[in-house]
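# Observations on the three-dimensional arrangement
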Amino acid sequence: MKIVAVIILLISIGVVSANYFLEDNGYVLLEFIGYSIETSVPVFVLGLLGLYICLRIIGLVWNSPNLIKEKLSKRSVHRSNKLLNEGLLMLAKGEQLKARKKIKSAVSNTEPLLQSFLLNIELSEATGDHASREEWVEKSLNAFPKIKPYVLSFVATLLINSKNYIDAKVYVDQLLEISPTNPAAYQLLFAILVATKDYGLVLRKVFEFDKHLDEDSLADMILEVIRDALRNNKPLEPILERIPKSIEKHPLVMTGKIEGWLDNEEHIKAEAALRKLIPNTWSKALILLYADLSNPSINELSNRIDKWLDNRPRDANLWLTASRLAQRDGLWSKAKQCLERSIELSHSASKYTELALVLSELGEKEEALTALKSARELDK
């Protein structure tokens, strides 16, 4: 109503050209475009007050549709929030059927709540009702067209977590279609291809993934692709040619290359690379590979591990490698000591299983059974 006050002020002071004269004290002469009105001060003040009230009434009537709409909108949002909270409470109690009905009712046509739509999608997927899920996805996209990429990303993530990779890829493809440079879309596509082991498509898109993925994830994928090729006796050259320069020297990528060399009996080349890489990275994968070398002698390999242990006595991976080299050399007591030291620093089910085998070689049957029990407990 500040505008109304300004209008009245302009009328009374500027536009109207009010002339107060003191010849007849208590009267006001108003002149406007050749017209003049003489009135008393009280009547003039009452006139201004009446004008103000009229303008207020006109403004109220003018804005009443918006005020009514806003009130109804708030009421609708309040109702939707109430139903949504009741549905969540039922969900927490395990009353899933009732919860679905409440959350479905929470969807408002006037002021839709995104959370209501997303919860309906989740519940439909959780109960295996794919038709209902697709229906709610469509409703969500229509209700929130401005955040369509978010809705598609949410659904794709939900389906990936449910291991429903086929349907997930459909939504990721839609996301890429409307947002071709969306990093989240490439991350989701990468997760699907890795989970389904579609390494061929991964390699074809590897340079696109390189722009949107962190180096560790991409390098880990390259390692898995190399290992898959080695298991299936496939050539490594097509894979190595597709490795982006950004991860060429990554420890996991180098692990894959060295595993390839070892598979090809290139132990001298592998040892030279490991001797250089291990002190620079202290990568677990590279350290454990050192125990697989056949050249130089086991004694020389063990001596180098011992030198590294002098500088890194709390490296569980070095102790594990030292144990495996001792096992290869038939030094079971040393293998046991090194393995137990590794377990002290970082225990795992696989290490206890390996310890059980070492203890069996030493004839310590009861201790071996205890180690196997520890392995089973960690596997639970």
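Read on for a plain summary of the structure. (Residues numbered from 1 in each chain as written. Predicted model: local features only at pLDDT ≥ 70, side-chain atom pairs only at ≥ 80, totals over all residues. Heavy atoms only, no water.)

### So, the pattern of salt bridges
In the structure shown here, the tally under the stated rule is 15 salt bridges. Among the ionic contacts, a cluster of salt bridges with common partners joins Glu125, Arg133, Glu134 and Asp167. (Salt bridge = Lys/Arg side-chain N within 4 Å of Asp/Glu carboxyl O.)

### Things to note about helix 20 (residues 365-379)
For helix 20, spanning 15 residues, the distance from its first C-alpha to its last is 21 Å, which sits close to the expected 21 Å at 1.5 Å a residue. Ala368, Ala371, Ser374 and Ala375 are the residues of helix 20 that are buried. The buried residues of helix 20 occupy an angular sector of 115° when the element is viewed end-on, so they sit on one face. What points out from helix 20, more than 90 degrees from its buried face, is the exposed set Lys365, Glu366, Leu369 and Arg376. (Helix = DSSP H or I, 4+ residues; strand = E, 2+ residues; numbered from the N terminus. Expected span 1.5 Å × (residues − 1). Buried < 20%, exposed > 50% of the residue type's maximum accessible area, 1.4 Å probe, protein only. Arc of directions from axis to C-beta.)

### Quick word on a nonpolar patch on the surface
Judged by side-chain polarity, Leu46, Leu49, Ile53 and Ile57 come together as a nonpolar surface patch covering roughly 390 Å² of accessible area. Position of Ile57 relative to the elements: it lies in helix 2 (residues 41-92). (Patch = residues over 30% accessible without salt bridge, like charges linked within 9 Å, V, L, I, M, F, W, Y side chains within 5 Å. Areas by Shrake-Rupley, 256 points an atom, 1.4 Å probe, with all protein chains shown as cover.)

### Looking at unusual backbone geometry
In this model, Asn295 is joined to Pro296 through a cis peptide bond whose omega is 5°. Turning to its location among the elements, Pro296 is positioned in the loop between helix 15 (284-289) and helix 16 (298-311). If you check the backbone angles, Lys163 has positive phi at about 60° while not being a glycine. Along the polypeptide, Lys163 turns up in the loop between helix 6 (148-161) and helix 7 (165-178).

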